[in-house]
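Read off the chains here:
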Amino acid sequence: MPITPTKKIWMDGELVDWERATTHVLSHTLHYGVGAFEGIRAYQTAQGVAIFRLREHMERLQRSCKILMIELPYTLDELCEAAKEIVRVNELTEGCYMRPLVYLGYGEMGIYPLNSPVNTVIAAWPWGSYLGDHGVANGVRMKISSWARHHPNSMPTASKTVGGYVNSGLAKIEAVKAGYDEAIMLGTDGLISECTGENIFIVRGGKLISPPPSEAGALTGITLSSITTIAKDLGYEVAFEALRRDDLYLADEAFLTGTAAEVVPIASVDDRSVGEGAPGPITRAVQSTYFAAVRGERPEYASWLAHV
Ligand code: PPE
């Protein structure tokens, strides 16, 4: 999806002009992929623009860095303040997508990463629905990928590691080239893990089921956690259980969750329609509550919003 440039990018404590926010071609992360990132959204609310679950995202960035042994030179408060500042200076009053990235810069070549300088950036720009407005409204067509999700002893799946997304990229290419919207990835054990940049839920007998993120080698999604809370508050049962591809083919409803994608119904999996092939009532209920929560229309979820 194209990027719409804004004015400034936060780079190591400085506000740098968008077009000058560049880095050396011999930066370590560009060659070896050791780095961590986040995806965060801010939304317009009646009280001004607010960043959704900012602290949780920055805490996950800290955890990603801890796993990679990257020493993040900023505190949680400093990262949150920087995120708010970049929304303010770019006057993104209608909301935006934000991309914090911690990467290893210019200094050394060679696989050992820990002697390279640590660089931290946060960019923000207006970004529409990741899987398209049509997908959000009508559901997306999914394909189970031939690429297995990383085994946790090959790539730490709890860390949003830059290089880990090669696996997602390969699955996404395969799905898009075959005419689908997005891929579902199985773990090396053959169980459902997650999508290339989203978690997955099914609905069966009125109950929401998602693979347990840690065992399934999936990222512990913040949207997944928000949807879990919302679904329980709406009176639905939510369980984290191992799922097989048959469970997707036979689900009453299914949807995916992620910051960029938000909450997107799944219309079909491997050309088998999910339920009626149109977004089901429970998907609709959690999706509309989620969109109301991020826009500050649900006081019970006000603590999820960080006003800039
Ligand atoms: N799994 C993966 C692999 C993943 O990348 C994301 C977020 C999620 C699950 C959902 O996590 P959360 O956003 O906390 O609910 N993917 C980010 C990057 C997407 C991209 O394509 O780039 C995102 O949604 O911002």
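Just above, that's the structure.
Residues numbered from 1 in each chain as written. Predicted model: local features only at pLDDT ≥ 70, side-chain atom pairs only at ≥ 80, totals over all residues. Heavy atoms only, no water.

What about the overall build of the protein chain?
Right, on to step 1. Of the regular secondary structure elements, the protein chain holds nine helices and 17 strands.
Right, on to step 2. The principal-axis extent of the C-alpha atoms belonging to the protein chain is close to 55 × 45 × 30 Å.
Right, on to step 3. Long-range contacts, defined as pairs at least 24 residues apart, comprise 71% of the intrachain contacts of the protein chain with a sequence gap of at least 6.
Right, on to step 4. With the model as given, the accessible surface of the protein chain reaches about 13600 Å², and the carbon-plus-sulfur share is 53%. (Helix = DSSP H or I, 4+ residues; strand = E, 2+ residues; numbered from the N terminus. Contact = heavy atoms within 4.5 Å. Areas by Shrake-Rupley, 256 points an atom, 1.4 Å probe, with all protein chains shown as cover.)

Some details on helix H3 (residues 76-89)
Right, on to step 1. Helix length check: H3, at 14 residues, gives a terminal C-alpha distance of 20 Å against a target of 20 Å (1.5 Å per residue), a fit within 8%.
Right, on to step 2. Of the residues making up H3, those classed as buried are Leu76, Leu79, Cys80, Ala82, Ala83, Ile86 and Val87. Buried residues along H3 cover an arc of 160° about the axis, so they all sit on one side.
Right, on to step 3. In the core, the buried residues of H3 are packed alongside strand S1 (8-11), strand S2 (14-17), strand S5 (48-52), helix H2 (54-68), strand S6 (95-104) and strand S7 (118-125).
Right, on to step 4. After H3 finishes, the residue Glu91 shows a positive phi value of roughly 50°. (Expected span 1.5 Å × (residues − 1). Buried < 20%, exposed > 50% of the residue type's maximum accessible area, 1.4 Å probe, protein only. Arc of directions from axis to C-beta.)

Details of the pairing of S2
Right, on to step 1. As defined by bridge partners, S1 adjoins S2 across four bridges and the pair is classed as antiparallel. Counted as the bridge partner of Ile9 is Val16 from S2. (Pairing = 2+ DSSP bridges.)

Regarding the pattern of salt bridges
Right, on to step 1. Counting across every chain of the model gives 15 salt bridges.
Right, on to step 2. Linking Lys172 and Glu182 is a salt bridge whose minimum nitrogen-to-oxygen distance equals 3.2 Å. Here Glu182 lies in strand S9 (residues 182-186) and Lys172 lies in helix H5 (residues 165-177), a separation of 10 residues in the sequence.
Right, on to step 3. The salt bridge involving Lys207 is made with Glu241; its shortest N-O contact spans 3.2 Å. Of this pair, Lys207 sits in strand S12 (residues 207-210) while Glu241 is found in the loop between strand S13 (237-240) and helix H8 (245-249), placing the two residues 34 residues apart along the sequence.
Right, on to step 4. Several salt bridges share partner residues, and in doing so they unite Lys207, Glu237 and Glu241 into one network. (Salt bridge = Lys/Arg side-chain N within 4 Å of Asp/Glu carboxyl O.)

Focus: the packing of aromatic side chains
Right, on to step 1. All told, the structure shown has 11 aromatic pairs when counted by the stated rule.
Right, on to step 2. Between Tyr97 and Trp125, the aromatic rings sit 5.7 Å apart at their centres with planes inclined by 65°, giving edge-to-face as the arrangement. Taken together, the residues Tyr97 in strand S6 and Trp125 in strand S7 connect sequence positions 28 residues apart.
Right, on to step 3. Tyr97 sits in the buried class, given a relative accessible area of 4%.
Right, on to step 4. For the ring pair Trp125 and Trp127, a centre distance of 5.6 Å and an interplane angle of 75° mean the geometry is edge-to-face.
Right, on to step 5. Residue Trp125 is classed as buried on the basis of its relative accessible area of 7%.
Right, on to step 6. Relative accessible area serves as the criterion here: at 16%, Trp127 is assigned to the buried category.
Right, on to step 7. Through pairs of rings, three or more aromatic residues link up here, namely Phe52, Tyr290, Phe291, Tyr301 and Trp304. (Phe/Tyr/Trp six-rings, centres within 6.5 Å; stacked < 30°, edge-to-face > 60°.)

What to know about the site of the ligand
Right, on to step 1. The environment of the ligand is made up of 21 residues, and the closest members are Tyr130, Tyr165, Glu194, Thr223 and Thr259.
Right, on to step 2. Within the side chain of Tyr130, one N or O atom sits 2.4 Å away from an oxygen atom of the ligand.
Right, on to step 3. One of the backbone N or O atoms of Ala260 is found 2.8 Å from an oxygen atom in the ligand.
Right, on to step 4. Of all the secondary structure elements, the ones that give two or more residues to the shell around the ligand are S6, helix H7 (222-233) and strand S14 (253-258). (Near = heavy atom within 4 Å. Polar contact = N/O pair within 3.5 Å; in protein donor to acceptor, adjacent residues only side chain to side chain.)

Comments concerning the nonpolar core
Right, on to step 1. Counting residues in hydrophobic clusters, the biggest one holds 45 residues, and the most contacted among them are Ile184, Leu256, Ile266, Val269 and Tyr290.
Right, on to step 2. The greatest single-element share of this core, amounting to six residues, is contributed by helix H9 (residues 281-294).
Right, on to step 3. Two domains each donate at least three residues to this core, and these are domain 1 (8-125) and domain 2 (133-294).
Right, on to step 4. Filtering out sequence-adjacent residues up to four positions away, Ile266 remains in contact with Val140, Met142, Ile200, Ala254, Phe255, Leu256 and Val274.
Right, on to step 5. Ile40, Leu54, Leu61 and Cys65 belong to the second-largest nonpolar core, a separate cluster that totals 30 residues. (Core = buried A, V, L, I, M, F, W, Y, C linked by side-chain atoms within 4.5 Å. Domains from an automatic or database assignment.)

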